[in-house]
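As a plain string of letters, each chain reads:
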Amino acid sequence: MSGSKGDRRKERIDRGIKVRSDSVYAISSWKEITYLIAPRLVLILGLALAPLLLSAAPYWQRVVSIICVYSLLAIGFDFLANYVGLVSLGGGFYVGVGAYAAALLNTYFGLPPIITIPMATLLGAIICTVLFLPCLPLRGVYFAIVSLMYPLLAARIIEALDIFGGTDGILGVDGFSNVWLEQYFLILCVLVMVFALRRLVEEDIGLVFRGVKDNDQAVKASGININEFKALGVFIASALGCLGGACLTHMYMWAGLSQFALDFSIIPIAATVVGGGGTLVGPVLGCMILVPVSELLRDFGSLRIAVYSIVLTAFIVFKSEGIMTYAARKYEQFERWVEI
Amino acid sequence: MFEAAGLMVFYENMLALNNVSLQCGENKIIGVFGANSAGKSTLMYTLSGIILDIRKKEEMAGGERITIRGRIVFEGKDIMSDKPSLRARNGIILCPERRRIFPESTVLENLRIGSYLATTAQAAETLDYVLTTFPALKRILKRLGGFLSGGEQQMLAIGRAMMAQPKLLLLDEPLLGLSPAIQYLLAKAIKEIRDQRGMSIIVSEQYARPIIPIIDHGYILENGAAVVEGSKQELLDNPDVKSAYFGN
């Protein structure tokens, strides 16, 4: 009765190499090694070549950097949402905290970017985690609402108290010594984080994270303090965001209120939806599509948001699994018609 | 009156229902027995049409591909492609496994949600009937569904299904996790409902003993296939069935 003709159905079969196990592969030939490495290599080489290919267009080179910043945020969002079960709309807060931390360390203490970026990442993540601690027992939409409030709150506090340069922001932050360093540092960060997190969620600790998401009561009953793990999850996600924020500050040589903007909360979510939640690579892919599209759409003026929204809605309605989930399935399985 | 023929359901490559055929006459109680994973719930989902809904959701999420084959004829019409809501309008009402009570609505509200398809007069009359059949519900009409005991929840679930004016009532494991005393009480109530209201009932259960006295005809499912079929007496006399589903 479904779309197919006659009494046949489409069968999905794992390709030989996948059948042996989901994560441990028994590799016996160069062909199989290539099969496994090819998709990873495409990502790595693709990202590594992007700045070179775009070296003629500095504007688009800058877009690559922005893609990386959004990717870091999106990976964090995907990790937190699909592995820890916390839907965080606080992306803007992570970026803002990281940006201000880096800018303050740079302008007040005169530290160079090579020190401010790691320090801002760590410090920012600690600040974010501590501030989010009271909200960790919240779940679902409640956590989302509270985390959405944080960036708004932070921006208004800075504005009202006129601290950290108030509405002007912090000017005179050192830039990266050259554009190649900026690009490749960010690309390296994204690649390391993607593969590290993909490994992490397969480890024991990843199992606990997923347990917290699936059934937190059962995890509690196993004698595990779920708030510790949620805090760790927030720490990882906010570290990614702060890293992005710190890089952003040094890229623009400026930290300001716009780094608490809602864009940093919303675009990572959109990228995760488009790319495929739970894959961790998907969000990077999503950013690679959405950020350039949103740049291209600048010509449309205010219609930009409309076009953007339509694309997103279409994606959610027609392909809510996301590009990466779809592609992985096509790559790892083949289909054939069989008689019933 | 109700006939399913050659039902096959695949969850991806796993065969959940293998060529199951089943008939249910007017005012009959049909029992479907089988162990865990025998395909009872899939059968119930297929008969009620929920499987179409599950298939759609899986498709959207990029999950398992569900393939459905076969024919379901109800009152002379092929309803295989009908959505669950349309099947419910036609009188096929599922009382789902694990009750699926609305936990944040009171007992009365739960029952009234069930009467969405009924006219006001029918709803009032059925409500009266449900409360007479399950007097335990009368005292707790104002209590929230989530705070009921397992037995009360099951009575409420059956009551809610009754409110939709079923011609064919599908009960998916109505005795799940209940004490023998309540199991006995519910089995008696199911028979009473059939006798007094005149409807066909298909009831699935793992353990046949409490249900077997009230059925007219029974099917045994194993690994998705109906391996034994027969009247109450035939099932009782079958030595294999006896050892597997009566616990002696």
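Residues numbered from 1 in each chain as written. Chains lettered and ligands numbered in written order. Predicted model: local features only at pLDDT ≥ 70, side-chain atom pairs only at ≥ 80, totals over all residues. Heavy atoms only, no water.

Participant: Go over the pattern of salt bridges, please, and point to the residues and values.
Facilitator: This model, assessed by the stated rule, comprises 17 salt bridges over all chains. With its nearest N and O atoms 3.0 Å apart, the salt bridge here joins Glu 295 of chain A to Arg 298 of chain A. Where Lys 191 of chain B meets Asp 195 of chain B, a salt bridge forms, and the shortest distance between an N and an O atom there is 3.7 Å. Residue Lys 191 of chain B and its partner Asp 195 of chain B are located together in helix α8 (residues 180-197), separated by 4 residues, close to a single helical turn. Through salt bridges that share partners, Lys 10, Arg 12, Lys 330 and Glu 335 of chain A together with Glu 12 and Arg 65 of chain B make up one connected network. (Salt bridge = Lys/Arg side-chain N within 4 Å of Asp/Glu carboxyl O. Helix = DSSP H or I, 4+ residues; strand = E, 2+ residues; numbered from the N terminus.)

Participant: Which residues make up empty space enclosed by the protein, and what are the values?
Facilitator: Residues and elements named next belong to chain A. In this structure the tally under the stated criterion is 1 cavity of 30 Å³ or more. By volume, the largest cavity is sized at about 70 Å³. What lines the largest cavity is simply Leu 73, Gly 76, Phe 77, Leu 80, Ser 88, Gly 91, Tyr 94, Ala 237, Phe 264, Ser 265 and Pro 268. Examining the composition of the lining of the largest cavity, we find that 4 residues originate from one element, helix α3 (residues 58-84), more than from any other. Its residues placed into classes, the lining of the largest cavity shows 7 nonpolar, 4 polar and no charged. (1 Å grid on protein atoms, 1.4 Å probe; cavity = no way out; pocket = protein on both sides within 12 Å on 5 of 7 lines; lining within 4 Å. Points joined across faces, edges and corners; volume = space filled by probe spheres on them. Nonpolar A, V, L, I, M, F, W, Y, C, P; charged D, E, K, R; others polar.)

Participant: Summarise the domain arrangement of chain B; cite the residues concerned and give the values.
Facilitator: Residues and elements named next belong to chain B. Domains assigned within chain B are domain 1 (1-91 + 167-179 + 196-248) and domain 2 (100-165). Once you take the C-alpha centre of each, domain 1 and domain 2 turn out to be 24 Å apart. Across the boundary between the two partners, domain 1 contributes 13 residues, which contact 12 residues of domain 2. Buried area between domain 1 and domain 2, both sides added, is near 930 Å², and the carbon and sulfur share of it is 60%. Contact with domain 2 buries area across many residues of domain 1, yet Leu 169, Leu 178 and Arg 197 alone supply 47% of it, more than any other trio. Between domain 1 and domain 2 we count 1 salt bridge in total. We note a salt bridge from Glu 125 to Arg 197, for which the minimum N-O separation is 3.0 Å. Between domain 1 and domain 2 we count 2 residue pairs in polar contact (both at pLDDT 80 or more) in total. Every element with two or more residues in the side of domain 1 that touches domain 2 is listed here: α3 (84-89), β7 (168-172) and α8. Here the side of domain 1 that touches domain 2 is composed, by residue class, of 7 nonpolar, 2 polar and 4 charged. (Domains from an automatic or database assignment. Contact = heavy atoms within 4.5 Å. Buried area = accessible area lost by both parts, 1.4 Å probe. Polar contact = N/O pair within 3.5 Å; in protein donor to acceptor, adjacent residues only side chain to side chain.)

Participant: Lay out the sheet that holds strand β5 (residues 77-78) of chain B in plain terms, naming residues and giving numbers.
Facilitator: Residues and elements named next belong to chain B. An order of β2-β1-β4-β5 is seen for the 4 strands of this open sheet, with the pairing classed as antiparallel. At either margin of the open sheet sits one strand with a lone partner, and together these are β2 (14-24) and β5. Sheet topology note: the strand β1 (residues 2-11)/β2 ladder contains 7 bridges and is antiparallel. Within the sheet, the bridge partner assigned to Phe 2 lies in β2 and is Cys 24. Set on the sheet, helix α1 (residues 40-48) makes contact with β1, β2 and β4 (66-74); between it and β1 the angle comes to about 120°. Along the sheet face, helix α2 (residues 50-61) touches β1 and β4 and points at about 160° away from the line of β4. (Pairing = 2+ DSSP bridges. Axes fitted to C-alpha atoms, helices over the stretch in contact; angles between N-to-C directions.)

Participant: Tell me what's going on with the side chain of Ser 294 of chain A, and back it up with residues and numbers.
Facilitator: Residue and element names in this part refer to chain A. Inspection of the secondary structure assignment puts Ser 294 in helix α12 (residues 282-296). The class of Ser 294 is buried, set by a relative accessible area of 8%. When neighbours within four sequence positions are excluded, Ser 294 is seen to be in contact with Arg 304 and Tyr 308. (Buried < 20%, exposed > 50% of the residue type's maximum accessible area, 1.4 Å probe, protein only.)

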